[in-house]
Amino acid sequence: MIAIAAALLLALFPGSAAARKNGEALSIEEAVSIAVRNSPAALEAEQDIIIARQRVLEARFMALPQFTLSGTLSRASLEYPALLGHELGDRYLDSRAGNDFYTLRVQALQPLYTGGRNKNTLKMAKAAYNQAKVNFDAVRADAALAAKKAFYTLLYQRRLREISAAWFKRASALDSSLRKDAFEELEASMLLSGLSDRVRLSGSGADAALTGLLKSLNREPGYPIEIEGSLAPLPVETGVSLSLVTAMESRPELQSEIYRAQLDNLAVNMAMVRRNPTIYLGASYDVNAYKFSSLADDTERANNWLASVAIHFPLSYDIWTQVRQRKSQQRQGELKRAELQDTIRFEIISAHREAESWQGEAEKLGTEVARMKGSYDAASRAARPSMAALRALCALCELEIKSLDAVYNQLLARIRLEWAQGRDFGK
């Protein structure tokens, strides 16, 4: 049995020293920082911020005068006057003129009044930009949560492997010193087989947890890495009320819905301003000639200039249908925000209760494990090795693993509470 134990330990820890020597040692804060920085979803959300920022600039440009510089060369054989289309400059060609016609035009168009469309478009672009930023924060929070889970899972699995291997080693040494009958030999084999299975499964779990951490860090499989940290309960020192207030102020999803409300309100305004007229001021200057060389000669070219003010009154059947649609969408947004607020409250309350419950369980089991270990060591010194001692040893292994499970669950509940309130404790 001792040989089996040694073989298992060697199989489970073949490269740990090499990993510590060559790998990257990370604390949980460093792991979270790398995960957030390398998250593909966060990088994609960052591009949404850049796009939204450019749309804000585009919305500002709408209030500026629009300039156009165009030139036209027309060659025609006309028996009747013709009018060039908009893309060709909206120019009139007389059939009595020559076959060639050259034109240069500079045109400016300034919106004087758009019924509020340009102003609301800018407001919508700014709200969309702010929404993109909080969406980016939400994606980063999700990446941080995944990294924390992966980090604590790896700590848990490695600690579970260490505990299982240590108890299996003690059990194997105790078994070799026992004198047993046939049934006791069978019982001892079954107990050791259960411990051996725990060692093997915990080793597989540690490998899977390492893969999960590498995935959250966006590292390649097999990347050498080592983590620094201990698996111990972290108390939740804030109350439910404070966590709820923090969530309402800091939760990115809720902030995003607030900006969505602004967008819905602006969409209603945009639908209503379709009733308003638009006023434009335009000016243009043309240089026309029938020879290309005449464009530079004042006596042979024709110079035209004009300035005009245009007003457009919209006559549309669907103005009020559009307004009703936008108001219904605005109401949908209000209902969604109310639902999100209720969801956040339930997440905060559930995570807070779970963290406190597991914290009490972890403290109770930790005290119980220490007391039972002391009692077992005292009994081992006072009594000779026996099957009862082996059974007690296996029960102690289960108790310590149960205590470890409570610590792990408490940490997971705590990081879920941090995520639910939108801010880490101590920040």
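Up top you'll find the structure we're talking about.
Residues numbered from 1 in each chain as written. Predicted model: local features only at pLDDT ≥ 70, side-chain atom pairs only at ≥ 80, totals over all residues. Heavy atoms only, no water.

## Topic: the overall build of the protein chain
Per the secondary structure count, the protein chain includes 10 helices and eight strands. In summary, the protein chain has a C-alpha radius of gyration of 38 Å against a globular reference of 22 Å for 427 residues, an excess of more than 25%. For the protein chain, the spread of C-alpha atoms along the principal axes amounts to about 125 × 45 × 35 Å. Counting across all 427 residues of the protein chain, residues that qualify as buried make up 37%. (Helix = DSSP H or I, 4+ residues; strand = E, 2+ residues; numbered from the N terminus. Rg over C-alpha atoms; globule rule 2.2 N^0.38 Å. Buried < 20%, exposed > 50% of the residue type's maximum accessible area, 1.4 Å probe, protein only.)

## Describing the state of the cysteines
Should the sulfur atoms of two cysteines be covalently bonded, the bond is a disulfide. Taken as a whole and judged by the stated rule, the model has zero disulfides. Residue C394 stays outside any disulfide, its sulfur separated by 7.1 Å from that of C397, the closest cysteine. A relative accessible area of 0% means that C397 is categorised as buried. (Disulfide = S-S within 2.5 Å.)

## Regarding unusual backbone geometry
The phi angle at N218 is positive, at roughly 60°, despite the residue not being glycine. Along the polypeptide, N218 turns up in the loop between α6 (182–216) and β6 (225–227).

## Looking at the packing of helix α7 (residues 240–250) against helix α8 (residues 252–272)
As a packed pair, α7 and α8 sit with axes 6 Å apart at the nearest point and diverge in direction by 45°. Between α7 and α8, the crossing angle belongs to the class labelled oblique. Here α7 contributes A247, M248, E249 and S250 to the contact with α8, which in turn contributes P252, L254 and Q255. Its residues assigned to classes, the contact of α7 with α8 comprises four nonpolar, two polar and one charged. (Axes fitted to C-alpha atoms, helices over the stretch in contact; angles between N-to-C directions. Parallel < 35°, antiparallel > 145°, perpendicular 65-115°, else oblique. Contact = heavy atoms within 4.5 Å. Nonpolar A, V, L, I, M, F, W, Y, C, P; charged D, E, K, R; others polar.)

## Digging into the environment of T246
The residue T246 is located in helix α7 in this model. Sequence-wise, T246 and A392 are 146 residues apart; in three dimensions their C-alpha atoms are separated by 48 Å. Leave out the neighbours within four places in its chain, and T246 touches R251, Q421 and R423.

## Section: the nonpolar core
One finds F151, Y152, L217 and L231 to be the most contacted residues of the largest nonpolar core, which totals 55 residues. Looking at this core, the elements with two or more residues in it are α3 (28–38), α5 (117–176), α6, β6, α9 (319–382) and α10 (387–421). Apart from the residues lying within four places of it in its own chain, the contact partners of L231 are Y152, L155, Y156, L404, V407 and L411. In this structure, V236, I344, A351 and A355 belong to the second largest nonpolar core, which totals 12 residues. (Core = buried A, V, L, I, M, F, W, Y, C linked by side-chain atoms within 4.5 Å.)

## Structural notes on the side chain of E226
Mapped onto the elements of the fold, E226 is located in strand β6. A polar atom in the side chain of E226 sits 3.0 Å from the side chain of R158. (Polar contact = N/O pair within 3.5 Å; in protein donor to acceptor, adjacent residues only side chain to side chain.)

## Focus: the side chain of N118
Looking at where N118 falls in the secondary structure, it is placed in helix α5. Overall, the relative accessible area of 15% leaves N118 in the buried class. Of note is the side chain of N118, whose polar atom sits 3.4 Å from the backbone oxygen of M62. If we skip the residues at most four places from it in the chain, N118 touches M62, A63 and P111.

## Regarding a nonpolar patch on the surface
Residues L69, V106, Y285 and W305 make up a contiguous nonpolar surface patch of roughly 510 Å² in combined accessible area. In this fold, W305 is placed in strand β8 (residues 302–312). (Patch = residues over 30% accessible without salt bridge, like charges linked within 9 Å, V, L, I, M, F, W, Y side chains within 5 Å. Areas by Shrake-Rupley, 256 points an atom, 1.4 Å probe, with all protein chains shown as cover. Salt bridge = Lys/Arg side-chain N within 4 Å of Asp/Glu carboxyl O.)

## Describing the sheet that holds β8
With respect to topology, four strands assemble into an open sheet ordered β2-β5-β7-β8, the strand pairing being antiparallel. Two strands bound the open sheet, and with one partner strand each, they are β2 (66–75) and β8. Recorded for the sheet is a direction-independent mean angle of 15° between the axes of neighbouring strands. In this sheet, β8 lies alongside strand β7 (residues 278–289) in antiparallel orientation, the contact comprising 11 bridges. Paired with N288 across the two strands is A302, which belongs to β8. (Pairing = 2+ DSSP bridges.)

## Observations regarding the pattern of salt bridges
For the structure on display, the rule yields 19 salt bridges. Residue E253 pairs with R251 through a salt bridge whose shortest N-O separation is 2.9 Å. One salt bridge in this structure joins E418 and R414, with 3.2 Å as the shortest N-O distance. With E418 and R414 both in helix α10, this residue pair falls four residues apart, about one helical turn. R414 matches E418 in its accessibility class, with the two residues each being buried. In the salt-bridge network here, residues are joined through shared partners; they are K148, R414, E418 and D424.

## Some remarks on the packing of α5 against α6
In a packed pair of helices, the relevant descriptors are the angle between the two axes and the axis-to-axis distance. α6 packs onto α5 with a crossing angle of 160° between their chain directions and a minimal axis gap of 8 Å. It follows from the interaxial angle that α5 and α6 lie roughly antiparallel. The two elements α5 and α6 cross, and the hand of that crossing is left-handed. Residues of the contact of α5 with α6, tallied by class, amount to 18 nonpolar, 10 polar and four charged. (Left-handed = near helix turned anticlockwise from the far one by under 90°.)

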